[in-house]
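# Examination of the molecular architecture
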Amino acid sequence: MADTKTTTVLPKLPLPLPQVKKSQNITPLQSLLAGSIAGGVEASITYPFEFAKTRAQLKVPSNLPTASPFRLLQQTVSSEGLAGLYTGCGALVVGTALKAGVRFTTFDAIRNALADEQGRLSSARGVFAGMLAGATESVIAVTPTERIKTALIDDAKGAKRFRSTMHGISILIQEQGLAGIYRGLVSTTAKQAGTSAVRMGAYNAMRSQYQTRYGTPPVRVYETFAMGAIAGVATVYATQPL
């Protein structure tokens, strides 16, 4: 009787595999919406630190003598108010939402095309998919939004010619043409391709290991959060020179 139960259970083991494959086929619209929402939330929460980093890189004036991000934040609030920390935020939020949407849409499309019968993607293919996704997001979103964000932050500490994000964009295009918005395209694309390859490749590798061990992709929020955090830290250390 025990043997009979064993033989009836064993054939059921392969059955979850088609379900895993099916769950991998995320539609482009789902990828775009999920990535855009995640990118917008990320940019909104972390923007003050992005502001401090950019202002430090722009060689702030003497009234902000230190490169410490926390010191820069404190000095900015004292001199410009809390709103000063969000100078150029609108452009970055929109750009990051678009960037993340493009990244995940491209990555998921390539992953679906390269995945095996169980919906798994090898580490090499995961890195390749991430690289292509990074290059695509650079051309469509990252290069122009980074250029606009940097110009707005630089303007805020000096002449303050730009009355708003849209006004700043119009002035940049009038003075430098559309090519001015895409200044630094090659270097930015190289950076985004590298960072996205590491980030998405690392995340895909952890996801695949989880699926191999437990037979299903991670579905709990804290699991995906932890994997994303680890992939993000690895990306920073691996691509910081870029």
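Parameters and conventions
- Residue indices follow the written sequence of each chain, beginning from 1 at its first position.
- Thresholds applied to this predicted model are a pLDDT of at least 70 for local features of residues and 80 or more for the giving and counting of side-chain atom pairs; totals over whole chains, interfaces and linings are not thresholded and use all residues.
- Excluding hydrogens and water, the side-chain figures rest on all heavy atoms present in the structure.
- UniProt positions are given in the numbering used here, feature names are shortened, and annotations may be inferred rather than shown by experiment.
- Numbering goes from the N terminus for both helices and strands, where a helix is a DSSP run of H or I of at least four residues and a strand is a run of E of at least two.
- Expected helix span is given by 1.5 Å per residue-to-residue step, counting one fewer step than there are residues.
- A simple rule labels every residue: compare its accessible area, found with a 1.4 Å probe on the protein chains alone, to the largest value its type can have, and call it buried under 20%, exposed over 50%, or partly exposed in between.
- Only C-alpha atoms enter the line fits that serve as axes; for helices the fit covers just the stretch in contact. Angles between N-to-C directions range over 0 to 180 degrees.
- Each angle is binned into one of four classes, with values under 35 degrees roughly parallel, values over 145 roughly antiparallel, values of 65 to 115 roughly perpendicular, and all other values oblique.
- A contact between two residues is defined here by any heavy atoms of the two lying within 4.5 Å.
- For this document, the term salt bridge refers to a Lys or Arg side-chain nitrogen within 4 Å of an Asp or Glu carboxyl oxygen.

The UniProt entry for the protein chain carries the following comment under Subcellular location (unreviewed entry): "Mitochondrion membrane". The record held by UniProt for the protein chain lists under Sequence similarities (unreviewed entry) the comment "Belongs to the mitochondrial carrier (TC 2.A.29) family."

## Remarks on helix α4 (residues 69-80)
With twelve residues, α4 ought to run about 16 Å at 1.5 Å a step, and its terminal C-alpha atoms sit 16 Å apart, in line with that. Along α4, the residues classified as buried are Leu-72, Leu-73, Gln-75 and Thr-76. Remark: Gly-81 follows α4 within two positions and exhibits a positive phi of approximately 85°.

## So, the packing of helix α3 (residues 28-57) against helix α6 (residues 123-156)
Taken N-terminus to C-terminus, the directions of α3 and α6 make an angle of 70°; their axes are 10 Å apart at the nearest point. The angle between the axes of α3 and α6 places the two elements in the roughly perpendicular class. When α3 is examined against α6, the residues Tyr-47, Glu-50, Phe-51, Thr-54 and Arg-55 are found in contact with a partner set consisting of Glu-146, Lys-149, Thr-150, Ile-153 and Ala-156.

## Describing the pattern of salt bridges
In this structure the tally under the stated criterion is six salt bridges. A salt bridge links Glu-137 to Arg-103; its shortest N-O distance comes to 2.8 Å. Residue Glu-137 is found in helix α6, and its partner Arg-103 is found in helix α5 (residues 89-114); the two are separated by 34 residues along the sequence. Given the relative accessible area of 0%, Glu-137 is considered buried. On the accessibility criterion, Arg-103 (8% relative accessible area) is buried. Arg-111 is the partner of Asp-108 in a salt bridge, and the nearest nitrogen-oxygen pair spans 2.9 Å. A residue pair is termed a helical-turn pair when its members lie 3 or 4 positions apart in one helix, as Asp-108 and Arg-111 do in helix α5 at three residues.

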